[in-house]
Amino acid sequence: MSLVNFIADPFYDEFDRLFDEAFSRRTGGGNNQVARQGNNAPRVFRPTIDVHEDKDKNLVTATFELPGLKKEDVNIDVYNNVLTVSGETKQSEERNDQGYVIKERRYGRFSRSLPIPQGIKPEEIKASLENGVLTVTFPRTSPEQAPKKITVQ
């Protein structure tokens, strides 16, 4: 099972940004000059994923960067051999700077999915969230799928 497709690539983030800008210019979606000068933040919260396969231990470990989120904000679902991590981020910050009140907010939903091997049971999937990093581990292959050695008699 190849999981190369799920490694974050800055090229695609930049590609998405270019399409978003072109589309908003064409549809009159606001003043892009101001948006480009004053706001370089990503428009959508899309957590990065790192996936590692350990063939010796028969384990796949996927780590998701979810800064500022608590485990109550994160949902993990398995359906049709697809593991989906989703949730909602609600971050708000207020500070006084030289007589000005500065309020910054980031709200949004996210969802990332990756395929899991057929036959993996939900109870075999383990997840933990520590310091903004969600770690999900599951077997690389199920015991039923593992190759069985047949001796010739």
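Residues numbered from 1 in each chain as written. Predicted model: local features only at pLDDT ≥ 70, side-chain atom pairs only at ≥ 80, totals over all residues. Heavy atoms only, no water.

Caption draft 1: Here's a closer look at the pattern of salt bridges. Tallied over the full model, the rule gives 3 salt bridges. A salt bridge links Glu53 to Arg140, with the nearest nitrogen and oxygen atoms 3.0 Å apart. Separated by 87 residues along the polypeptide, Glu53 in strand E1 (residues 49-54) and Arg140 in the segment after strand E7 (133-139) bring together distant segments of the chain. What makes Glu53 partly exposed here is its relative accessible area of 26%. One salt bridge connects Arg95 with Glu93, and the closest N-O pair in it is separated by 3.1 Å. Using a relative accessible area of 35% as the deciding quantity, one classes Arg95 as partly exposed. (Salt bridge = Lys/Arg side-chain N within 4 Å of Asp/Glu carboxyl O. Helix = DSSP H or I, 4+ residues; strand = E, 2+ residues; numbered from the N terminus. Buried < 20%, exposed > 50% of the residue type's maximum accessible area, 1.4 Å probe, protein only.)

Caption draft 2: How the structure looks around the nonpolar core. One finds Phe64 and Leu66 to be the most contacted residues of the largest nonpolar core, which totals 19 residues. For this core, the secondary structure elements donating two or more residues are E1, strand E2 (59-65), strand E4 (82-97), strand E5 (100-115) and E7. Residues within four places of Leu66 in sequence aside, it is in contact with Phe45, Pro47, Val74, Phe110, Leu129, Gly132 and Leu134. (Core = buried A, V, L, I, M, F, W, Y, C linked by side-chain atoms within 4.5 Å. Contact = heavy atoms within 4.5 Å.)

Caption draft 3: Layout of the sheet that holds E4. Strand order across the open sheet formed by 3 strands is E3-E4-E5, with antiparallel pairing between neighbours. Strands with a single pairing partner mark the edges of an open sheet, and in this sheet they are strand E3 (74-79) and E5. Strand-to-strand twist across the sheet, computed as the mean angle between neighbouring axes with direction ignored, equals 10°. In the sheet, E4 pairs with E5 via 16 bridges, with the strands oriented antiparallel. Opposite Leu83, over in E5, you have Leu114 as the bridge partner. (Pairing = 2+ DSSP bridges. Axes fitted to C-alpha atoms, helices over the stretch in contact; angles between N-to-C directions.)

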